[in-house]
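Descriptive analysis of the structure
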Amino acid sequence: MKILVLIGNVPDTTTKVKFNADKTAFDANGVQWIINPWDELALTRALELKETADSCIESIVVANVGRVETESTLRKALAVGADEAIRVDADPKDAFYVASQLAQVAIGFDLIFAGIEASDYNGAAVGGMLAELLAIQSVSAVSGIQLENGSLKINREIDGGSQTLAMNLPLLAIVQKGIAKEPRIPAMRGIMMARSKKLTVATPIEVEPLTSILSFELPAPKASCKLVAEDQAKELIRLLHEEAKVL
Amino acid sequence: MSDTKYKAPDHFQVDELFSEEHKIVRASIRAWVDRSVKPIIEDYANRAAFPVHLVKELGAIGAFGPYIPEEYGGAGLDHMSYGLIMQELERGDSGIRSMASVQSSLVMYPIYAFGSEEQRKKYLPKLASGEMIGCFGLTEPNHGSDPGAMETHVEDKGNHYLLHGAKMWITNASIADIAIVWAKDEQGVIRGMIVEKGWKGFTAPETHGKWSLRASVTGELVFDDVIVPKENVLPNIQGLKGPMMCLNSARYGIAWGVIGAAMDCYDAALRYSLERSQFGKPIASFQLQQKKLAEALTEITKAQLLTWRLGTLRDAGKATAAQISMAKRNNVFMALNIARETRQILGAMGITGDYPIMRHMMNLESVITYEGTHDVHLLITGNEITGIPAFK
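Everything numeric here is computed off the predicted structure, so don't read it as measured data.

1. Points about the overall build of chain B
The helix and strand tally for chain B stands at 10 helices and 9 strands. The C-alpha radius of gyration computed for chain B amounts to 21 Å, which stays within 12% of the reference 21 Å derived for 392 residues, consistent with globular compactness. The dimensions of chain B, computed from C-alpha atoms along their principal axes, are 80 × 50 × 40 Å. Out of the 392 residues in chain B, the part that is buried amounts to 56%. For chain B, the share of sequence-separated contacts (at least 6 apart) that also reach a separation of at least 24 residues comes to 74%. Total accessible area computed for chain B in this model is approximately 16,000 Å², and 54% of it derives from carbon and sulfur atoms.

2. Side note on the confidence of the model for chain B
Here chain B averages 96 in pLDDT, while 99% of its residues score no lower than 70. Note on the complex model: pTM 0.91, ipTM 0.91.

3. Describing the packing of helix α1 (residues 20-47) of chain B against helix α3 (residues 79-92) of chain B
Helix packing for two helices is described by the angle between their axes and how far apart those axes are. All names here are of chain B. Two numbers describe how α1 lies on α3: the axes approach to 8 Å, and their chain directions differ by 20 degrees. The angle between α1 and α3 falls in the class roughly parallel. As α1 packs across α3, the resulting crossing turns out to be right-handed. Of the residues in α3, those touching α1 at H22, V25, R26, I29, R30, W32, V33, D34, V37, K38 and I41 are M80, S81, L84, I85, Q87, E88, L89, R91 and G92. The residue makeup of the contact of α1 with α3, split by class, is 10 nonpolar, 4 polar and 6 charged.

4. Some thoughts on the sheet that holds strand β5 (residues 84-88) of chain A
Residue and element names in this part refer to chain A. Strand order across the open sheet formed by 9 strands is β9-β8-β7-β10-β6-β1-β4-β5-β11, with mixed pairing between neighbours. Two strands bound the open sheet, and with one partner strand each, they are β9 (161-167) and β11 (198-202). Strand after strand, the sheet turns through a mean of 30 degrees between neighbouring axes, direction not considered. In this structure, strand β1 (residues 2-6) lies alongside strand β4 (residues 59-65), joined through 5 bridges in parallel fashion. From the neighbouring strand, K2 faces β4, where its bridge partner is S59. Contacts between helix α2 (residues 71-80) and the sheet are confined to β4, β5 and β11, with β5 contributing the most and set at about 160 degrees to the helix.

5. What about the pairing of strand β8 (residues 151-158) of chain A?
Residues and elements named next belong to chain A. Relative to β8, strand β7 (residues 137-148) is paired through 6 bridges, and the arrangement is antiparallel. Looking across to β8, one finds that V142 is bridged to R156. Between β7 and the antiparallel strand that follows it, β8, lie 2 residues; N149 among them carries a positive phi value of about 50 degrees. In this structure, β8 lies alongside β9, joined through 7 bridges in antiparallel fashion. When the bridges of β9 are listed, L152 appears paired with M167. Two successive antiparallel strands, β8 and β9, enclose a turn made up of 2 residues, where G160 displays a positive phi of approximately 80 degrees.

Conventions and cut-offs
- Residues numbered from 1 in each chain as written.
- Chains lettered and ligands numbered in written order.
- Predicted model: local features only at pLDDT ≥ 70, side-chain atom pairs only at ≥ 80, totals over all residues.
- Heavy atoms only, no water.
- Helix = DSSP H or I, 4+ residues; strand = E, 2+ residues; numbered from the N terminus.
- Rg over C-alpha atoms; globule rule 2.2 N^0.38 Å.
- Buried < 20%, exposed > 50% of the residue type's maximum accessible area, 1.4 Å probe, protein only.
- Contact = heavy atoms within 4.5 Å.
- Areas by Shrake-Rupley, 256 points an atom, 1.4 Å probe, with all protein chains shown as cover.
- pLDDT = per-residue confidence, 0-100.
- Axes fitted to C-alpha atoms, helices over the stretch in contact; angles between N-to-C directions.
- Parallel < 35°, antiparallel > 145°, perpendicular 65-115°, else oblique.
- Left-handed = near helix turned anticlockwise from the far one by under 90°.
- Nonpolar A, V, L, I, M, F, W, Y, C, P; charged D, E, K, R; others polar.
- Pairing = 2+ DSSP bridges.

The structure is reproduced here in structure tokens:
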């Protein structure tokens with residue numbers, strides 16, 4: 001059995017977001033890149049499944065769409081235990097473009113993991129699109145996955161409760177938080193071993209993205225917080241009336 | 001998913017000088033410190049207790065002997081990686097970094113560099129995994145800056161040595177399974193040997209009452225006619241050069257480590273200054289606070305560039321003892337000054353354990369003294385310039 005985990009290359013969550021002068025592109029200068037947190041949890045669960053005593057998993061492959069500078073994100077995935085990596089050498093233009101590129105390399109896998117969203121553009125679309133392009137079943141909002149004797153048991157969070165499903169392979173599981181406790185940290189030996197693991201660079205196919213970005217806007221700066229002393233209730237009411245205008 | 005707010009300053013884009021692998025190394029140790037050190041360290045420092053459960057974790061992440069080859073349990077990484085590991089550990093606490101420094105540079109390094117194949121195989125894998133803890137005995141009660149005058153000595157008894165003497169200010173002393181001990185033989189030549197816990201006549205009492213490195217174990221090593229088998233002597237080194245080469249490796253790690261402490265202080269003070277309001281605006285608006293922050297960033301930037309260059313030289317086998325000495329001295333002084341100045345930005349809050357600065361400041365008072373004092377390091381540079389050793 002082979003597992004594929006899709007790996008998004010996203011800015012570190014502490015990044016101060018800036019855009020270029022005409023506000024049409026993210027300014028990546030000085031940005032630290034990380035594995036999309038949802039994908040990182042998916043990879044963690046895939047590794048846990050492989051390590052179980054009766055594991056039938058031969059290999060875990062990770063894949064992304066990105067230029068050469070995104071390889072360190074794939075190397076990190078290899079350092080925590082993925083067996084090999086595939087990078088489709090293209091700029092990830094939109095969800096459809098990314099899913100189309102991944103569909104060329106996501107062949108022959110029994111189980112594919114995709115994070116439910118990415119922490120950069122929060123598109124939440126690649127997983128579902130990829131399943132359609134591959135013509136395989138998918139299930140979303142997966143918060144638990146067990147593999148017993150080659151059959152899958154899936155847990156999903158649903159409104160007001162949870163749902164347990166039995167699923168057949170092949171399957172694309174779109175996972176959310178809860179799929180694994182916390183991501184693994186690469187150990188120094190793992191980082192060294194990742195050097196010699198296979199990283200294949202695939203040529204992108206011709207495909208037109210379905211969207212184009214007109215402009216980005218930063219949210220309005222947060223207003224400063226005013227503290228009102230506990231015996232100044234009148235002043236608080238005045239501020240709520242006159243400044244905040246919520247009363 | 002980490003919710004830490006820490007942001008490491010990189011004003012001169014020094015990151016571009018590191019390989020992608022170096023950045024993964026740094027990010028890994030940073031994440032481990034956020035997960036395992038930051039949430040507990042104030043409590044341990046407060047109680048003057050060493051978080052001994054972290055030893056196995058440090059071994060698992062690969063913080064012990066990362067530059068030791070894989071066949072002996074290391075990761076086979078370069079010295080730049082070792083430096084970055086030390087930097088990130090010391091962002092957590094100098095005591096945790098000291099533990100890893102000693103294990104790596106003062107215990108694993110001499111066994112690897114000067115030990116027999118049997119010694120390497122017997123000790124290095126267990127030291128790398130954290131199954132075994134080591135310590136290093138050079139300093140004595142009457143011999144600190146002048147270790148060549150040590151009194152600890154061995155008598156040759158044919159098939160073994162008899163070890164007498166005492167060592168002081170030894171990190172990990174009372175929790176160590178083995179000690180690398182430096183002692184003079186009957187000809188007055190300094191020899192290194194591996195002494196194991198539990199051997200008759202060997203005791204390691206802990207030193208209490210420290211106001212610095214409180215989350216780290218410090219103690220004495222006392223040898224009262226300890227029988228040391230000859231196969232426990234490090235065969236491939238004689239003289240003061242042996243311990244000095246170990247100290248070179250450790251000082252190299254300190255030069256990097258203290259940048260982590262300085263960056264943690266800077267980061268805490270910067271965020272506090274933007275959040276704390278006085279006279280109706282953030283205290284970061286005031287010139288005197290900006291002066292402290294701007295000077296801190298300038299000094300951190302200089303230290304980052306210095307250690308990057310030092311790492312490049314060390315990986316090329318070209319870093320001299322005098323260069324390492326200068327970097328250790330400069331960077332520790334830099335970090336201590338930043339801790340003192342940034343503590344003031346936090347006002348009274350700065351003296352509490354709610355923020356890391358006071359703990360870093362107290363730790364750095366040890367770091368500026370151990371592994372060659374601030375003064376002696378200056379004289380090493382003086383000797384380099386003039387050819388005249390003023391410390392003798």
